[in-house]
Amino acid sequence: MLVAERQQKIVDAVNEKNSLRVSELSQMFSVTEETIRRDLEKLEKDKKLRRSHGGAVKINQSSHEIPYSERKVINVQEKKDIGIEAVKHVVEGDSLILDASTTAYYMAKALPNVPLTVVTNSVKVAIELSEKKEITIISTGGILNTRSMAYLGPLAESSLDDYHVNKAFISCKGIHLVRGISESNEQQARIKRKMLESAEINFVMVDHSKFGIQAFSRFAELDIVDHILSDQKIDNEIFQKLSERSMNVIRVGT
């Protein structure tokens, strides 16, 4: 079993039982208690559960999104590095789609002030790019989700039918080797599916914490992804599995 898969199963087990002890998890997954403690430390850092004395307890979660203000401070350096790497794949004159992820926001900050067209459903991305006068910004419009600062819903989705771009840059809640790419809710999943369909080449920008995760609403299979941009902390087993499937995974940072 891959490390990320075991960690996701730990989260599932804790969520089901509300709490579990290290000794119980060690027996359940046939690994040492020290290995479980390392897993729990990482999962707590990723806000998947909360460690307690001798074990772990469930964090009350739902299919609701983490507010933008909270997402912006999670794995900040990794997201900045990925955003800077994404800009290297943009050339003057490109037409782009950027989603409402925090990684897309950091990419927008790094984009040079050169002739580009950017379609986005992100308020934050649009505001950031507004200072760059050479860039044409097209907003999808739609219903504003104040938690994600993203335009969602039928209007946002249908507006993407009118555009065909060179490249799409999106993030997601989870990437799973079997279950594909997923989001926290159906509205986010639907618009990100549209974004991928509207682009000739697509880039999925995800830090290491997103791998092995199966979120609520799946919106794409892995085989439609052209490039995955991630950081150096991606699990080596997952990186190897993706490479064996001839997927172009670019790891950035130190």
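Below, the structure is looked at part by part. Predicted model, so just to flag it, every value in this text is computed and none were measured. In this numbering scheme, every chain counts its residues from 1 along its sequence in written order. Owing to the predicted nature of the model, reporting of local features is limited to residues with pLDDT of at least 70; listing and counting of side-chain atom pairs is limited to 80 or more, with chain, interface and lining totals taken over all residues. Working from all heavy atoms in the structure, the side-chain values ignore hydrogens and water.

## Details of the overall build of the protein chain
Phase 1: When you go through the protein chain residue by residue, the secondary structure sums to 10 helices and 15 strands.
Phase 2: Overall, the C-alpha framework of the protein chain stretches about 60 × 35 × 30 Å when taken along its three principal axes.
Phase 3: Within the protein chain, the proportion of its 254 residues that are buried is 52%.
Phase 4: Partitioning the contacts of the protein chain with sequence separation of at least 6, the portion at a separation of at least 24 is 61%.
Phase 5: Residue exposure ignores everything except the shown protein chains as possible cover, and the areas themselves are Shrake-Rupley values with a 1.4 Å probe. Accessible surface computed for the protein chain: about 12100 Å², of which carbon and sulfur atoms make up 47%.
Phase 6: In the protein chain, the 36 positive side-chain charges and the 36 negative ones have mean positions that sit 5 Å from each other. In DSSP terms, a helix is any run of H or I states spanning at least four residues, a strand is any run of E spanning at least two, and both are numbered starting from the N terminus. Each residue gets one of three labels from its accessible area relative to the maximum for its type: buried under 20%, exposed over 50%, partly exposed in between, using a 1.4 Å probe on protein chains only. Two residues form a contact once any of their heavy atoms are found within 4.5 Å. Charge counting treats Lys and Arg as positive and Asp and Glu as negative, with His and both chain ends excluded. Charge positions come from single atoms, namely NZ of Lys, CZ of Arg, CG of Asp or CD of Glu.

## What to know about helix α9 (residues 186–197)
Phase 1: With 12 residues, α9 should reach 16 Å at 1.5 Å per residue; the first-to-last C-alpha distance of 16 Å fits that figure.
Phase 2: What α9 keeps buried is the set Gln188, Ala189, Ile191, Lys192, Met195 and Leu196.
Phase 3: The distance from a side-chain oxygen at the start of α9 to the backbone nitrogen of Gln187 is 3.1 Å, and the residue carrying that oxygen is Asn185. Every helix has an expected span of 1.5 Å times one less than the residues it contains. Here a polar contact is recorded for every N or O atom pair within 3.5 Å, except that within protein the pair must consist of a potential hydrogen donor and a potential acceptor, and residues adjacent in sequence are included only if both atoms are side-chain atoms.

## Topic: the side chain of Ser198
Phase 1: Tracing the sequence through the fold places Ser198 in the loop between α9 and β12 (199–205).
Phase 2: A residue is classified by how much of its surface remains accessible, and Ser198, at 7% relative accessible area, is buried.
Phase 3: Sequence-distant contacts of Ser198, that is, excluding residues within four places in its chain, are made with Ile97, Leu160, Tyr163, His164 and Val165.

## Looking at the sheet that holds strand β15 (residues 248–252)
Phase 1: Spatially, 7 strands are ordered β6-β5-β4-β9-β12-β14-β15 in an open sheet, and the strand pairing comes out parallel. Across the chains shown, the open sheet's two edge strands, defined by having one partner strand only, are β6 (135–139) and β15. Shown here is a sheet whose adjacent strand axes are inclined to one another by a mean of 20°, direction ignored.
Phase 2: Note on pairing: two strands pair once DSSP finds at least 2 bridges between them. Here strand β4 (residues 95–98) pairs with strand β5 (residues 116–120) via 4 bridges, running parallel. In the sheet register, Leu98 faces β5, and the bridge partner there is Thr120. Note on geometry: axes are C-alpha line fits, over the in-contact stretch for helices, and angles between N-to-C directions span 0 to 180 degrees.

## A closer look at the nonpolar core
Phase 1: Counting 34 residues, the largest nonpolar core has Ile175, Ile181, Val204, Phe211, Phe219, Ile228 and Leu242 as the members making the most contacts within it.
Phase 2: Elements with a contribution of two residues or more to this core: β8 (150–152), β9 (165–170), α9, β12, β13 (217–220) and α10 (236–244).
Phase 3: At 4 residues, the largest contribution of residues to this core is made by α9.
Phase 4: Sequence-distant contacts of Val204, defined by excluding residues within four places in its chain, comprise Ile170, Cys172, Ile175, Ile181, Val225, His227, Ile228 and Leu229.
Phase 5: Counting residues in each nonpolar core, the second largest holds 21 residues, with Ala86, Ala108, Val118 and Phe203 among its members. The nonpolar core is taken to be a set of buried Ala, Val, Leu, Ile, Met, Phe, Trp, Tyr and Cys residues, with the residues joined through side-chain atoms within 4.5 Å.

## Some points on the sheet that holds strand β10 (residues 174–176)
Phase 1: With antiparallel pairing, the 3 strands of this open sheet are ordered in space as β10-β11-β13. In the strand order of this sheet, the two ends are held by β10 and β13, each with one partner. Each strand of the sheet is rotated relative to its neighbour by a mean of 35°, with strand direction disregarded.
Phase 2: Pairing of strand β11 (residues 180–183) with β13 involves 3 bridges; the strand directions are antiparallel. Its bridge partner lying in β13, Ser182 is registered against Arg218.
Phase 3: Packing against the sheet, α9 makes contact with β11 and β13, and its axis sits at approximately 5° to β13.

## A look at the packing of helix α1 (residues 3–17) against helix α2 (residues 22–29)
Angle between the axes and distance between the axes: these two values describe a pair of packed helices.
Phase 1: The N-to-C vectors of α1 and α2 enclose an angle of 130°; their axes lie 12 Å apart at closest approach. Judged by the angle between their axes, α1 and α2 are oblique. Here α1 runs over α2; the crossing is right-handed. Here Arg6, Lys9, Ile10 and Ala13 of α1 lie close against α2, whose contacting residues are Leu25, Met28 and Phe29.
Phase 2: Considering only residue class, the contact of α1 with α2 consists of 5 nonpolar, no polar and 2 charged. Roughly parallel covers angles under 35 degrees, roughly antiparallel covers those over 145, roughly perpendicular covers 65 to 115, and oblique covers all other angles. Whether a crossing is left-handed or right-handed is set by the direction in which the near helix is turned from the far one by less than a right angle, anticlockwise for left-handed and clockwise for right-handed. In this count, Pro and Cys sit with the nonpolar residues alongside Ala, Val, Leu, Ile, Met, Phe, Trp and Tyr, while Asp, Glu, Lys and Arg are called charged and the others, Gly among them, polar.

## Considerations on α1
Phase 1: Relative to the 21 Å expected for 15 residues at 1.5 Å per residue, α1 spans 21 Å between its end C-alpha atoms, a close match to the ideal helical length.
Phase 2: Taken together, the buried positions of α1 are Ala4, Arg6, Gln7, Gln8, Ile10, Val11, Ala13 and Val14.
Phase 3: Looking one or two residues past α1, Asn18 carries a phi angle of roughly 75°, positive in sign.

## Digging into unusual backbone geometry
Phase 1: One non-glycine residue, Lys47, lies in positive phi territory at about 65°.
Phase 2: Tracing the sequence through the fold places Lys47 in the loop between α3 (33–45) and β2 (50–52).
Phase 3: A positive phi angle, close to 60°, is found at Ser246, a residue other than glycine.
Phase 4: Here Ser246 is to be found in the loop between α10 and β15.
Phase 5: Accessibility expressed as a relative area gives 68% for Ser246, which makes it exposed.

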